[in-house]
Amino acid sequence: MDNLYLLEAFLLFAAPGPTNALLAAGAVKRQNATTLLAAQACGYGIAAAFWLSLRSLVPPATVQMVQLVAAAWLVILGFRLLAARRAEAIENGGISILATTALNPKAFIYCVAIVPMDIETAALGIAWMTLLVITAVTGSMWLLLGGRLSGGKRMADAISGAALIAFALLLVRPLIPLSAI
């Protein structure tokens, strides 16, 4: 794997997204950073193991199905965050991050578009470990950013909730025909 591959993967996972929004919000709410990073690693690990093992068999309809399921989860989680009446209303930060990360399309993009299709089977394990290292680094960056933000725990929930709903709408945008708008 060359440096361009690593740069592409780093930029993909450093970009704002649902998992990173939850990590930043968790840091604002002073949740346990180790738990949040472990949940992120498990979510991406599960998703990458699935997509790397099945990527040669993935029909185009599966991509759309993953997008719809991910978008539905993001809308549910976004509304839960927006409806939270107090900062502790969303207590299962680790579980929310695990589920959001497992459904995050970034893992699919990494496994199907960034990892070369002609890579040897033995090298897929290295690609999987690379994903975990890169997401640990980028997740830590988002935790540090969230730790520096002020504005209160309730504001973190509101901003994260709105961001998750926006990400869900962006996910389904390519699936909605322009004539329907």
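First things first, this report covers the structure right here in the doc. (Residues numbered from 1 in each chain as written. Predicted model: local features only at pLDDT ≥ 70, side-chain atom pairs only at ≥ 80, totals over all residues. Heavy atoms only, no water.)

1. Focus: the overall build of the protein chain
Part 1: Looking only at helices and strands, the protein chain has 8 helices and 0 strands in total.
Part 2: For the protein chain, the succession of helices and strands along the chain, N to C, is α-α-α-α-α-α-α-α.
Part 3: Split by element, the accessible area of the protein chain, about 9500 Å² in all, is 71% carbon and sulfur. (Helix = DSSP H or I, 4+ residues; strand = E, 2+ residues; numbered from the N terminus. Areas by Shrake-Rupley, 256 points an atom, 1.4 Å probe, with all protein chains shown as cover.)

2. Thoughts on a nonpolar patch on the surface
Part 1: Taken together, Leu-4, Leu-7 and Leu-11 make up a surface patch of nonpolar side chains, about 300 Å² in accessible area.
Part 2: Structurally, Leu-11 can be placed in helix H1 (residues 3-14).
Part 3: The exposure class of Leu-11 is exposed, given its relative accessible area of 51%. (Patch = residues over 30% accessible without salt bridge, like charges linked within 9 Å, V, L, I, M, F, W, Y side chains within 5 Å. Salt bridge = Lys/Arg side-chain N within 4 Å of Asp/Glu carboxyl O. Buried < 20%, exposed > 50% of the residue type's maximum accessible area, 1.4 Å probe, protein only.)

3. Things to note about the nonpolar core
Part 1: Ranked by internal contacts, the top residues of the largest apolar core, which has 22 residues, are Phe-13, Tyr-110 and Val-115.
Part 2: Sorting the residues of this core by element identifies H1, helix H3 (33-54), helix H6 (105-114) and helix H7 (123-148) as the ones contributing at least two each.
Part 3: Core analysis: the next-biggest nonpolar cluster, separate from the first, contains 15 residues, Ala-39, Ala-71, Leu-74 and Ala-168 among them. (Core = buried A, V, L, I, M, F, W, Y, C linked by side-chain atoms within 4.5 Å.)

4. With respect to H3
Part 1: Taking 1.5 Å of rise per residue, 22 residues should cover 32 Å, and H3 covers 32 Å from first to last C-alpha, within 8% of that figure.
Part 2: Residues of H3 that are buried: Leu-36, Ala-39, Gln-40, Gly-43, Tyr-44, Gly-45, Ala-47, Ala-48, Trp-51 and Leu-52.
Part 3: Two to three positions downstream of the cap, the backbone nitrogen of Thr-34 sits 2.9 Å from a side-chain oxygen, assigning the N-cap of H3 to Asn-32. (Expected span 1.5 Å × (residues − 1). Polar contact = N/O pair within 3.5 Å; in protein donor to acceptor, adjacent residues only side chain to side chain.)

5. Some details on the environment of Gly-17
Part 1: Residue position: Gly-17 is located in the loop between H1 and helix H2 (18-28).
Part 2: Separated by 88 residues in sequence, Gly-17 and Pro-105 place their C-alpha atoms 9.7 Å apart.

6. Looking at the packing of aromatic side chains
Part 1: By the definition in use, this model includes 4 aromatic pairs.
Part 2: Aromatic pair Phe-13 and Tyr-44: ring centres 5.0 Å apart, planes at 80 degrees, arrangement edge-to-face. Residue Phe-13 is located in helix H1, and its partner Tyr-44 is located in helix H3; the two are separated by 31 residues in the primary sequence. Exposure class is identical for Phe-13 and Tyr-44. Each is buried.
Part 3: By way of ring pairs, the aromatic residues Phe-13, Tyr-44 and Tyr-110 are connected into one cluster. (Phe/Tyr/Trp six-rings, centres within 6.5 Å; stacked < 30°, edge-to-face > 60°.)

7. With respect to the packing of H1 against H6
Part 1: Running from N to C, H1 and H6 point in directions that differ by 160 degrees, and their axes come no closer than 10 Å. Compared by their axis directions, H1 and H6 come out roughly antiparallel. The crossing of H1 and H6 is right-handed. Of the residues in H6, those in contact with Tyr-5, Glu-8, Ala-9, Leu-12 and Phe-13 of H1 are Lys-106, Ala-107, Ile-109, Tyr-110 and Ile-114.
Part 2: By residue class, the composition of the contact of H1 with H6 is 8 nonpolar, no polar and 2 charged. (Axes fitted to C-alpha atoms, helices over the stretch in contact; angles between N-to-C directions. Parallel < 35°, antiparallel > 145°, perpendicular 65-115°, else oblique. Left-handed = near helix turned anticlockwise from the far one by under 90°. Contact = heavy atoms within 4.5 Å. Nonpolar A, V, L, I, M, F, W, Y, C, P; charged D, E, K, R; others polar.)

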